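# Structure at a glance
Listed here are the chains, written in short residue letters.
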Amino acid sequence: MSLDWNGYLARQNGRLQLESVPLAEVAHAHGTPCYVYSRAALEDAYQGYVSALAGRDTLICYAVKANSNLAILNLFARLGAGFDIVSGGELARVLAAGGDAGKIVFSGVGKTRAEMRAALAAGIYCFNVESASELESLNEVAGSLGLRAPIALRVNPDVDPKTHPYIATGLKSSKFGVAIDEALSLYHRAQAMPHLDIRGVACHIGSQLLDPAPIAEAATKIIDLADALSREGIALAHLDLGGGKGVNYRADEATPNTVDYLAPLLAALSGRRERLLFEPGRSLVGAAGLLLTRIEILKHGSEKNFAVVDAAMNDLARPALYDAWHEIVAVAAPADDVKTATYDVVGPICESGDFLGQGRELAVAEGDLLAVLSAGAYGMAMSSNYNTRPRAAEVMVSGSQMHLIRRRETLDQLFALESVLS
Ligand SMILES: *Cc1c(COP(=O)(O)O)cnc(C)c1O
């Protein structure tokens, strides 16, 4: 395997296994489609941040939206992680998974008053406020509870992260955050509000970033803002640099390790006294998971060959949504009589955008298992029931053990909340 899977995905006698669990055994025990995660890979990714940030006062807040399974949240909570949430639902998940409310930051452009109340009652670490209007309503809600809301302003440093436009979030044209040149006056307004407590400043410029330069550039803009605030008597306790580090999706792509990726940013921040926050999502879970699927039908057309599999865009939306590439490999070594051919790997959904990969060289037969790699982030989390398809099961392997961490949905569950007219 040329893809960097930290050695957790390997072939043993031709059979693909994650840690010490053959993927064929996972499919046998829990069926397909099925997401499979490596506990060791998850822990390693987290420890990568811990070692890169050693010796600094930091809080690593896992961005829950990348993968919100309770087992994954619980694993990170046990490692001491904080959490970056974007909804009241994610708040409830983190608390249900044993996460520490005192280590939660709450991001998002459209927090409702009910969500603000729930987060205040739980005692979260900080609200990352994204507009003037949100400052006003948070101040009101906190006042009505007799509390003070800890806040950071999410500023928009206007740097180009050089990523897919749907996941670039720090440009002036973005709906996220407040313009950095409006931040000073907004901090003054916040300071004058009786039920707000200024804690820090936050930014998040985009996702799947492979070049460390843009985030270092964002850091220098954040530092300038912090210094300007300090001159005007507003001291910040923390600087939150967001998430965004990319993972390997292609075997021939080189992704910087966490130490190298953070080095220019940490150099820009050397000597600063503020606590540093990070909000990594994809880089903690993306490479630690794969989607296991079975080939139902091989269809050889005049122009194209199709491998129709039992996973689809409802299970993994990234190829359809972002034109994203995931490596796809056969789980078993091919039998001698199977010829390699070029396939579009597609699902059964009635949309031409329903593909997991196009133009892939595979030596496979009907009934074979495929593994769609680097699917741990924004995979299950973005899945749906489109075409009335029950969502996939999720399994976590640890050494030679496998744990079912989410049962496959049943058809009954899919329409349990619906009713016909009387
Ligand atoms: C999505 C998001 C993250 C995580 O981004 P990744 O690219 O998955 O690391 C962090 N912070 C905020 C505010 C986000 O919206």
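In what follows, the structure referred to is the one given above.
Below is a short write-up of the structure. This one's a predicted model, so the numbers in the text were calculated from it and none came from an experiment. (Residues numbered from 1 in each chain as written. Predicted model: local features only at pLDDT ≥ 70, side-chain atom pairs only at ≥ 80, totals over all residues. Heavy atoms only, no water.)

## Comments concerning the overall build of the protein
Scanning the protein for helices and strands turns up 12 helices and 21 strands. What you see for the protein is a C-alpha radius of gyration of 23 Å, in line with the 22 Å of a compact globule of 422 residues. Projected onto its principal axes, the C-alpha coordinates of the protein cover approximately 75 × 60 × 40 Å. In the protein, buried positions account for 55% of the 422 residues. Across the protein, contacts joining residues at least 24 apart in sequence account for 70% of those joining residues at least 6 apart. (Helix = DSSP H or I, 4+ residues; strand = E, 2+ residues; numbered from the N terminus. Rg over C-alpha atoms; globule rule 2.2 N^0.38 Å. Buried < 20%, exposed > 50% of the residue type's maximum accessible area, 1.4 Å probe, protein only. Contact = heavy atoms within 4.5 Å.)

## Points about the nonpolar core
Leu23, Val36, Phe76, Phe127, Tyr187 and Leu241 are the most contacted members of the largest nonpolar core, which totals 121 residues. If one sorts the elements of this core by residue count, helix 8 (residues 213-231) sits on top with eight residues. In this structure, this core is formed jointly by two domains, domain 1 (9-38 + 287-415) and domain 2 (107-280), each of which donates at least three residues. With residues up to four places along the chain from it excluded, the contact list for Tyr187 reads Ala152, Leu153, Ile198, Gly200, Val201, Leu225, Leu229, Ile234 and Leu236. Core analysis: the second largest hydrophobic core is formed by eight residues, Leu59, Cys61, Ala152 and Ala202 among them. (Core = buried A, V, L, I, M, F, W, Y, C linked by side-chain atoms within 4.5 Å. Domains from an automatic or database assignment.)

## Structural notes on the pairing of strand 9 (residues 149-156)
Burial within strand 9 is extensive, with eight of its eight residues counted as buried. Side chains Ala149, Ile151, Leu153 and Val155 project from strand 9 onto one buried face, and the interleaved Pro150, Ala152, Arg154 and Asn156 project onto a second face that is buried too. Bridging between strand 8 (residues 126-129) and strand 9 involves three bridges; their strand directions are parallel. From the neighbouring strand, Asn128 faces strand 9, where its bridge partner is Ala152. Of the crossover connections in this fold, the one passing from strand 8 over helix 6 (residues 132-144) to the parallel strand 9 is right-handed. (Pairing = 2+ DSSP bridges. Right-handed = clockwise from strand over helix to strand, strands pointing away.)

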